[in-house]
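Notes for the structure review
Spelled out, the chains give:
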Amino acid sequence: MLRTRFPFLLALLVLLTFSLSSCDAIGTIFKAGAWTGIIGVFLVVLLLWLVVSRIRR
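On a predicted model such as this, the values are computed, not experimentally measured, just so you know.

**What to know about the overall build of the protein**
On a plain count of helices and strands, the protein comes out with three helices and zero strands. What you see in the protein, going N to C, is helices and strands ordered as α-α-α. Expressed as a percentage of its 57 residues, the buried residues of the protein come to 2%. Only carbon and sulfur atoms are counted for the fraction: they give 76% of the accessible area of the protein, which is about 5,400 Å².

Listed below in structure tokens is the structure:
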């Protein structure tokens, strides 16, 4: 099951990497407020940690 999902997850990660400009995303987040930016960054890090931990299993 993991072998069939890995290419899909990799393709999704690459698509997200190329579709979002980091400066644009960070600028938009911090225009909404510092606390919104902090919470957003925390959620993104948490999501990445969950994805990596699932891939490693």
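From this point, the discussion proceeds with the structure in view.
**Here's the deal with a nonpolar patch on the surface**
Together, Trp-35, Ile-38, Ile-39, Phe-42, Leu-43, Leu-46, Trp-49 and Leu-50 line one region of the surface with nonpolar side chains, adding up to about 910 Å² of accessible area. Within the secondary structure layout, Leu-43 lies in helix 3 (residues 34-56).

**Regarding the UniProt feature "transmembrane region" (unreviewed entry) in the protein**
Residues annotated in UniProt with the feature "transmembrane region" (unreviewed entry) correspond here to residues 33-52. From the first C-alpha to the last, residues 33-52 spans 29 Å; its make-up is 95% helix and 0% strand.

**A look at the environment of Ser-53**
Here Ser-53 shows up in helix 3. Ser-53 gets classed as partly exposed once you look at its relative accessible area, which sits at 25%. A polar contact of 2.9 Å, which involves the side chain of Ser-53, links it to the backbone oxygen of Leu-50.

**A closer look at the confidence of the model for the protein**
The pLDDT averaged across the protein works out to 77; a share of 82% of its residues lies at or above 70. The least confident element of the protein, judged by mean pLDDT, is helix 2 (residues 22-31) at 70; the most confident is helix 3 at 87.

Reading the values: the criteria
- Residues numbered from 1 in each chain as written.
- Predicted model: local features only at pLDDT ≥ 70, side-chain atom pairs only at ≥ 80, totals over all residues.
- Heavy atoms only, no water.
- Helix = DSSP H or I, 4+ residues; strand = E, 2+ residues; numbered from the N terminus.
- Buried < 20%, exposed > 50% of the residue type's maximum accessible area, 1.4 Å probe, protein only.
- Areas by Shrake-Rupley, 256 points an atom, 1.4 Å probe, with all protein chains shown as cover.
- Patch = residues over 30% accessible without salt bridge, like charges linked within 9 Å, V, L, I, M, F, W, Y side chains within 5 Å.
- Salt bridge = Lys/Arg side-chain N within 4 Å of Asp/Glu carboxyl O.
- UniProt positions renumbered as here; feature names shortened; annotations may be inferred.
- Polar contact = N/O pair within 3.5 Å; in protein donor to acceptor, adjacent residues only side chain to side chain.
- pLDDT = per-residue confidence, 0-100.

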